[in-house]
Every structure is written in structure tokens, then in C-alpha cells.
Amino acid sequence: MRDVSLNIKKLALFNFFTEVKFYSPVIVIVFNAFLGNYTTAMSVLSVMSLAVIIMEFPTGILGDLVGKKSAAVMGAICNLIGISLWALFPVYWSFLTGAFFLGTATAFFSGNNEALLYDSLKEKNLQEEFHAYLGKTNYTMQAALVFTAVLSTILAKYSMRLVLILSVFPQIISVIIALTFVDTGYKAQVKNPFKHTAKAFQKIAINPKLIGLIFAKSLQEGLSSSSYQLQAVYFNSLCPLWFIGILRGMSNVLGALSFYFSDKIFKKFSKRACLIASNLYGRLSSLLALIINTVVSPFLFISSSAFFGVSTVANSSLMQAEFSDEERSTMGSITSFIGSIVVAVFSVLVGYIADRLSVRHSLFIIQLAMFVPLFIYWRTLWKKQDKTESN
């Protein structure tokens, strides 16, 4: 019997196991251990972003045309292949190939998984509660990050290879869960992928609010990704390697709580106010951390995680409300496509700056650049004609 409501619970489990990647909290340190320098290490992340750029549109279109379950299954399989390559052959060519598969998996998930949740809720007439369910399903993702953060540095202390090998098994479980998803009834009427993409762009082009949200989210997530990967290296300059896992764990606990309580926060404050306030605090706390450059700095960095869930849910809720049903996955992929270009450009650039100057200088430049998406959010959500809050 077809029951899309089961997707909601299964997505929570799926998010958990896809994020159990023990290498993730210390990925640049792991790459550097095998490859020898930060520029080469960051080039692997750049390839991952390049894969997202190349595969965003095909995967988003597949999600709309053949079903979001199929897209989730293919994404989970790509994750499994990519991490398996790293674990079996930890050399440069394998890291690059695996990065392409992992980037493809990210492309499958980027616009698809939230679209699957939204469509599943819509079939039950619960789409107005999307923000509440998104907070709960993403809470498990943060719980997985807490789990991996605690163990990653302990495992890395003994064997970088073990960190990669143990990351394979949760992805097998993810594939199994994805196979049990139920497709929703929302599929595109236009079967030509080029016409489908053109239609998505046309609908975006006539919606100024959606344009602003897409560009702001793309820039923010692209720059945040580059910053996050280097933070472990910066933390390691101020504290021992084993303590990085504790810091990551604390950060993820704050993120998990932020997702879990986001629904209650939105009952008191508007989504746009939460979105802008969260991003402003993140920029100011990170810049202060880099300026004082003491053992307090890592704690200032991770303090912004207390607003991560609120910011993410607010952003996604505002965007999903603007997306059309038939092009929902494709519109999400367009957003991720732009963000991936930002990651691809900045990953190598900040790695180069880190080698030539310092990791601290690279992070400082990223934080300054992140005021751009904050300004776009402010202009988009506080236009004079947009006096009515969109909840």
C-alpha cells in the first residue's frame, strides 16, 4: 500500500546514515596526510564541487521526471562508490575519482531530498508545517555529525585509513533505506529535459524574491563550505588534534538543538528575522575569533552553530514556498549549482592562500566575503513592497 507519510520517518534515518562519515570533521587533515600539502588536498574538494556543477541539472531533472525515490537511491549508491574508492585506494587519482562520485551524490540530494519531504507533506495537506518537519529530519543529520565528530579524531590518531574504511558501512545502510522510499504523485508533465529546465528558469526569472533567495543561499553555502573545511586546520593550530573532535561534537550538538527547537522559535519570531540575525551573528563571531586568535577562538567559531538549524530551516521554508511543484527538484538544483561554482573557485583559492600566507588569512577573507549574501538577504526580504511576512 502506497503511504508517503512513511517517507518522513525514513528521511530522518536516511539523513543520519548518509552523514556518518568519520573523515568529514577532519577531511583536510586526512587528505593532507596522504597527499602532502593543502593545495592538493583542497583540489580534491574542488573536484567534488566541479562534479556537483556538472551533475546538478541532470540529477535535478531526474528527480522531477523519474521520481524522487530513484534520485535518492542513485545518490546513495554514488556516496557508497566514492567513499569505497577512498578507503580501498588512498592515492591522488582515487581521491579525485571518489570526489566526483561524492559530488554527484551531493547533486542528487541537494534539490531532491527536501522536495521529497515537501511533496510527501503536501499529499497529506501538511505543507504549511514543512519547517517543523524539516527541523526534525535535519536534527538526525546533526546527531550523526556529533557521533562522527567524537570518534573521528580518536580514529585519526591511530589510522587515517581506518577513518575512511569505517565510513563505508553507514552508506550501505543508506542505500537500503533509500530503496524503501515511496514516490509521491508529483511529477513533471514536460518530459523533455531541456524544456523542463527552461521552464524552471522562466518561473525563477519572473520571481524577484526567489532570485534573491537563490543567489544569497548559493553564495552563503558555497563560502561556508570552504570555510568549514579549513576550520579544523585552524583549530589544530590552537589546540591538540584530539580536542578538535570535541569541538566538532559541541558544534554539532548546538546545531542539532537549533534544528530541534526551530519550530518553537518561529512561533515567536519571523523566518526572515531569524535568517538575517543568524547570519549576522555568524559573521561577527567568526571575525572576532580570527582577530583575537587565542584558545577562545574555536569556541567563538562553533557558537554560531546555535543558530545553524534556525537559519537553514528558515531559508529552506522561504524557498520551498516559492518553488513550483513540477520543477521543485530542478529549482533546488539550480541553487546548488551556483553554490558549487562558488565552492569550486574558493576551495583552490583559499588552499593557495593558506599555503602562501596562513589558514587564518584564508578564513578571514571568506568571512568578509560572506557579508555579500547577508546583504542580498536583507535587500530581498525587506523590500518596501514586501511588507507582509511570508511564513
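Analysis parameters
Residues numbered from 1 in each chain as written. Predicted model: local features only at pLDDT ≥ 70, side-chain atom pairs only at ≥ 80, totals over all residues. Heavy atoms only, no water. Helix = DSSP H or I, 4+ residues; strand = E, 2+ residues; numbered from the N terminus. Rg over C-alpha atoms; globule rule 2.2 N^0.38 Å. Buried < 20%, exposed > 50% of the residue type's maximum accessible area, 1.4 Å probe, protein only. Contact = heavy atoms within 4.5 Å. Areas by Shrake-Rupley, 256 points an atom, 1.4 Å probe, with all protein chains shown as cover. Phe/Tyr/Trp six-rings, centres within 6.5 Å; stacked < 30°, edge-to-face > 60°. pLDDT = per-residue confidence, 0-100. Axes fitted to C-alpha atoms, helices over the stretch in contact; angles between N-to-C directions. Parallel < 35°, antiparallel > 145°, perpendicular 65-115°, else oblique. Left-handed = near helix turned anticlockwise from the far one by under 90°. Nonpolar A, V, L, I, M, F, W, Y, C, P; charged D, E, K, R; others polar. Salt bridge = Lys/Arg side-chain N within 4 Å of Asp/Glu carboxyl O. Polar contact = N/O pair within 3.5 Å; in protein donor to acceptor, adjacent residues only side chain to side chain. Core = buried A, V, L, I, M, F, W, Y, C linked by side-chain atoms within 4.5 Å. Patch = residues over 30% accessible without salt bridge, like charges linked within 9 Å, V, L, I, M, F, W, Y side chains within 5 Å. Arc of directions from axis to C-beta.

The next point concerns the overall build of the protein chain. Secondary structure assignment for the protein chain yields 18 helices and zero strands. The globule rule puts the C-alpha radius of gyration for 391 residues at 21 Å, and the 20 Å found for the protein chain is close to it. Along the first, second and third principal axes, the C-alpha atoms of the protein chain reach 50 × 45 × 35 Å. With 391 residues in all, the protein chain has 57% of them scored as buried. For the protein chain, restricting intrachain contacts to residue pairs at least 6 apart in sequence, the fraction spanning at least 24 positions comes to 85%. Carbon together with sulfur atoms contributes 69% to the accessible area of the protein chain, which is approximately 16000 Å² in total.

Applying the stated rule across the entire model yields 19 aromatic pairs. Here Phe 34 and Phe 95 contribute two aromatic rings whose centre-to-centre distance is 5.8 Å and whose plane-to-plane angle is 50°, an arrangement assigned as tilted. Residue Phe 34 is located in helix 2 (residues 27-35), and its partner Phe 95 is located in helix 5 (residues 92-123); the two are separated by 61 residues in the primary sequence.

So, on to the confidence of the model for the protein chain. On average, residues of the protein chain carry a pLDDT of 82, and 94% of them reach 70 or more. Averaged pLDDT values over the elements of the protein chain bottom out at 76 in helix 16 (residues 328-356) and peak at 95 in helix 8 (residues 168-178). Every residue in residues 384-391 is under pLDDT 50, and counting partners more than four places away or in other chains gives twelve contacts.

Unusually for a residue other than glycine, Asn 293 sits at a positive phi of about 50°. On the secondary structure map, Asn 293 appears in the loop between helix 13 (271-292) and helix 14 (297-303). Note on Asn 293: relative accessible area 28%, which makes it partly exposed.

Before going further, it helps to spend a moment on the packing of helix 10 (residues 208-236) against helix 18 (residues 371-381). Across the interface, helix 10 lies against helix 18 with an axial gap of 8 Å and an inter-helix angle of 160°. In this view, helix 10 runs roughly antiparallel relative to helix 18, as classed from their interaxial angle. In the packing of helix 10 onto helix 18, the handedness of the crossing is left-handed. Between helix 10 and helix 18, the residues in contact are Lys 209, Gly 212, Leu 213, Ala 216, Lys 217, Leu 219, Gln 220 and Leu 223 and Val 372, Pro 373, Ile 376, Tyr 377, Thr 380 and Leu 381, respectively. In the contact of helix 10 with helix 18, the residues fall into nine nonpolar, three polar and two charged.

Okay, the pattern of salt bridges next. Counted by the stated rule, this structure contains two salt bridges. Two residues, Lys 209 and Glu 322, come together in a salt bridge whose shortest N-O distance is 3.9 Å. With Lys 209 in helix 10 and Glu 322 in helix 15 (residues 308-322), the pair connects residues that are 113 residues apart, well separated along the chain. For Lys 267, the salt bridge goes to Asp 263, with nearest N and O atoms at 4.0 Å. Residue classification places Lys 267 among the exposed positions, given a relative accessible area of 66%.

Structurally, the position occupied by Arg 283 is in helix 13. At 3.1 Å, the side chain of Arg 283 forms a polar contact with the side chain of Gln 367.

Looking now at the nonpolar core. Counting 50 residues, the largest nonpolar core has Tyr 23, Phe 31, Trp 86 and Phe 235 as the members making the most contacts within it. Residues in contact with Tyr 23, not counting those within four places in the same chain, are Ile 83, Trp 86, Leu 102, Val 163, Leu 164 and Ser 167.

Let us now look at the environment of Met 319. When you line up the elements, Met 319 lands in helix 15. For Met 319 and Thr 335, which are 16 residues apart along the polypeptide, the C-alpha to C-alpha distance reads 9.9 Å. With residues near it in sequence (within four places) discarded, Met 319 still touches Leu 210, Leu 213, Ile 214, Lys 217 and Thr 335.

Taken together, Leu 288, Ile 291, Ile 292, Val 295, Val 296, Phe 364 and Leu 368 make up a surface patch of nonpolar side chains, about 600 Å² in accessible area. Counting only elements with at least two residues in the nonpolar patch, the list comes to helix 13 and helix 17 (359-369). Residue position: Val 296 is located in the loop between helix 13 and helix 14. The class for Val 296 is partly exposed, based on a relative accessible area of 44%.

To continue, consider helix 17. Three or more residues of helix 17 are buried, namely Val 359, Ser 362, Leu 363, Ile 366 and Gln 367. Buried positions in helix 17, seen along its axis, are confined to an arc of 135° and lie on one side of it. In this structure, the buried residues of helix 17 make contact with helix 10, helix 13, helix 14, helix 16 and helix 18.

This next bit is on the environment of Leu 166. Looking at where Leu 166 falls in the secondary structure, it is placed in the loop between helix 7 (160-165) and helix 8. Expressed as a C-alpha distance, the spacing of Leu 166 and Met 55, which sit 111 residues apart in the sequence, is 27 Å. Excluding residues that lie within four positions of it along the chain, Leu 166 makes contacts with Phe 22 and Leu 155.

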